[in-house]
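Descriptive analysis of the structure
One letter stands for each residue in the lines below.
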Amino acid sequence: MPQKEPAALVTGGRQGIGRAIADRLARDGWRVVVADREPPQDSGTFPHRFVKADVGEEAAVRQLIGDIAEREGRLDGLVCNAGFMIRKPIEDLSLDEWNAVIATNLTSTFLLARGAAGLLRQTRGAILTIASTRAHQSEPHTESYAASKGGLLALTHALAVSLGPLIRVNCISPGWIDTRGGPLSEEDHAQHPAGRVGRPEDVAGLAAWLLGPESGFVTGAEFLTDGGMTRKMIYAE
Ligand SMILES: NC(=O)c1ccc[n+]([C@@H]2O[C@H](COP(=O)([O-])OP(=O)(O)OC[C@H]3O[C@@H](n4cnc5c(N)ncnc54)[C@H](O)[C@@H]3O)[C@@H](O)[C@H]2O)c1
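Moving on: the overall build of the protein. Counting its regular elements, the protein contains 6 helices and 7 strands. The order of α-helices and β-strands along the protein, N terminus first, is β-α-β-β-α-β-α-β-α-β-α-α-β. Taking 2.2 N^0.38 as the reference for a compact globule, 237 residues should give roughly 18 Å; the C-alpha atoms of the protein span a radius of gyration of 18 Å, in line with that estimate. Overall, the protein is about 65 × 40 × 40 Å in size when its C-alpha atoms are taken along their principal axes. Evaluated residue by residue, the protein yields a buried proportion of 42% over its 237 residues. Summarising the internal contacts of the protein: among those between residues at least 6 apart in sequence, 70% fall at separations of at least 24.

If you want it as structure tokens, here you go:
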């Protein structure tokens, strides 16, 4: 028997943005499964069902989705949030490092969407990908990360077109989100048109809306939560 409340899977949700999304969804009445390759630091009190899994690995994703089908009996929201960056000059970046970033940040969403499509169709569910403003603009030495996030944007609209109308697929591209509690300077905040650096809750509120019924006419879209930074024109003095 499927459980009564809607179920969400949040990858990379043991901390940071994923944790804020998981906590927000739980407050909104969702049952939340968090999959992460590292255990939560507060494992004794962690409030969500935790599954240790590397979502860049095909077998691990197959097992994860099978486990949700068995335990929750339904899936209404899939949040593909797990991601990391390697910042290295291109001449020093190994192929293994490139492949590791692409596997976690991009291939995982292919594996998760493919595995979960059947469950999500049954609930008319939604997929949310977490890309980055770095899909649009770069600092030096971030090629693998930028490429993975640009790919994720394209994968988002491709999935929206293929999986609609039963499944909606959208993307949030965060800018600078302070997940560690600073330290932040006045300049850090002031450079943002919104007047401050972002917080995980800024992303979580939008995520909750995109997974919920009020966004029923929204699919294939990207939402930037960056305090306006990608709209700011900067010339050297
Ligand atoms: N924090 C920011 O400023 C910012 C900005 C733009 C985009 N993002 C994106 O938001 C997402 C979350 O970022 P965050 O800052 O909270 O990061 P974080 O490092 O605090 O958390 C990421 C989590 O993902 C997990 N993870 C990494 N690889 C994994 C894998 N292969 N399988 C399972 N779990 C894995 C990590 O263990 C970690 O718990 C990432 O995709 C990141 O690229 C973050």
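A separate point is the sheet that holds strand β7 (residues 222–225). Read from one edge to the other, the open sheet built from 7 strands follows the order β3-β2-β1-β4-β5-β6-β7, with strand pairing classed as parallel. The sheet terminates laterally at β3 (49–52) and β7, the two strands that pair on one side only. With strand direction ignored, the average angle separating the axes of adjacent strands in the sheet is 20 degrees.

Take helix α4 (residues 143–163) next. The end-to-end C-alpha distance of α4 is 29 Å, a good match for the 30 Å that 21 residues give at a rise of 1.5 Å each. Within the span of α4, buried status applies to Ser 144, Tyr 145, Ser 148, Lys 149, Leu 152, Leu 155, Thr 156, Leu 159 and Ala 160. Taken down its axis, α4 places every buried residue within 135 degrees of arc, on the same side. In this fold, the buried residues of α4 make contact with α3 (95–123), β5 (126–130), β6 (168–174) and β7.

Core analysis: the largest hydrophobic core is formed by 55 residues, its most contacted members being Ile 21, Ile 127 and Ala 207. Counting residues per element, this core draws most heavily on α3, which supplies 8 residues.

Right, let's get into α3. In this model α3 runs 39 Å from its N-terminal to its C-terminal C-alpha over 29 residues, within 8% of the 42 Å that 1.5 Å per residue would give. Note on α3: the residue one or two positions beyond its end, Arg 124, has a positive phi of about 50 degrees.

Let us now look at the environment of Glu 70. On the secondary structure map, Glu 70 appears in helix α2 (residues 58–71). Residue Glu 70 is classed as exposed on the basis of its C-beta count, with 8 C-beta atoms lying within 10 Å. Spatially, the C-alpha atom of Glu 70 lies 9.3 Å from that of Met 1, the residues being 69 residues apart in sequence.

As a further point, take the environment of Arg 74. You can see Arg 74 is positioned in the loop between α2 and β4 (77–80). When the C-alpha positions of Arg 74 and Gly 220 are compared, they lie 23 Å apart, and in sequence the two are 146 residues distant. Sequence-distant contacts of Arg 74, defined by excluding residues within four places in its chain, comprise Pro 2, Gln 3, Ala 7, Leu 119, Gln 122 and Thr 123.

Trans is the prevailing form of peptide bonds, just as negative phi is the prevailing case for residues other than glycine. The peptide bond linking Gly 164 to Pro 165 adopts the cis configuration, its omega dihedral lying at 0 degrees. If you check the backbone angles, Arg 124 has positive phi at about 50 degrees while not being a glycine. Mapped onto the elements, Arg 124 comes out in the loop between α3 and β5. We classify Arg 124 as partly exposed; it has 13 C-beta atoms within 10 Å. The phi angle at His 141 is positive, at roughly 70 degrees, despite the residue not being glycine. Turning to its location among the elements, His 141 is positioned in the loop between β5 and α4.

Definitions and cut-offs
- Residues numbered from 1 in each chain as written.
- Predicted model: local features only at pLDDT ≥ 70, side-chain atom pairs only at ≥ 80, totals over all residues.
- Helix = DSSP H or I, 4+ residues; strand = E, 2+ residues; numbered from the N terminus.
- Rg over C-alpha atoms; globule rule 2.2 N^0.38 Å.
- Buried ≥ 20, exposed ≤ 12 C-beta atoms within 10 Å, placed from the backbone.
- Contact = placed C-beta atoms within 7 Å.
- Pairing = 2+ DSSP bridges.
- Axes fitted to C-alpha atoms, helices over the stretch in contact; angles between N-to-C directions.
- Expected span 1.5 Å × (residues − 1).
- Arc of directions from axis to C-beta.
- Core = buried A, V, L, I, M, F, W, Y, C linked by C-beta atoms within 7 Å.

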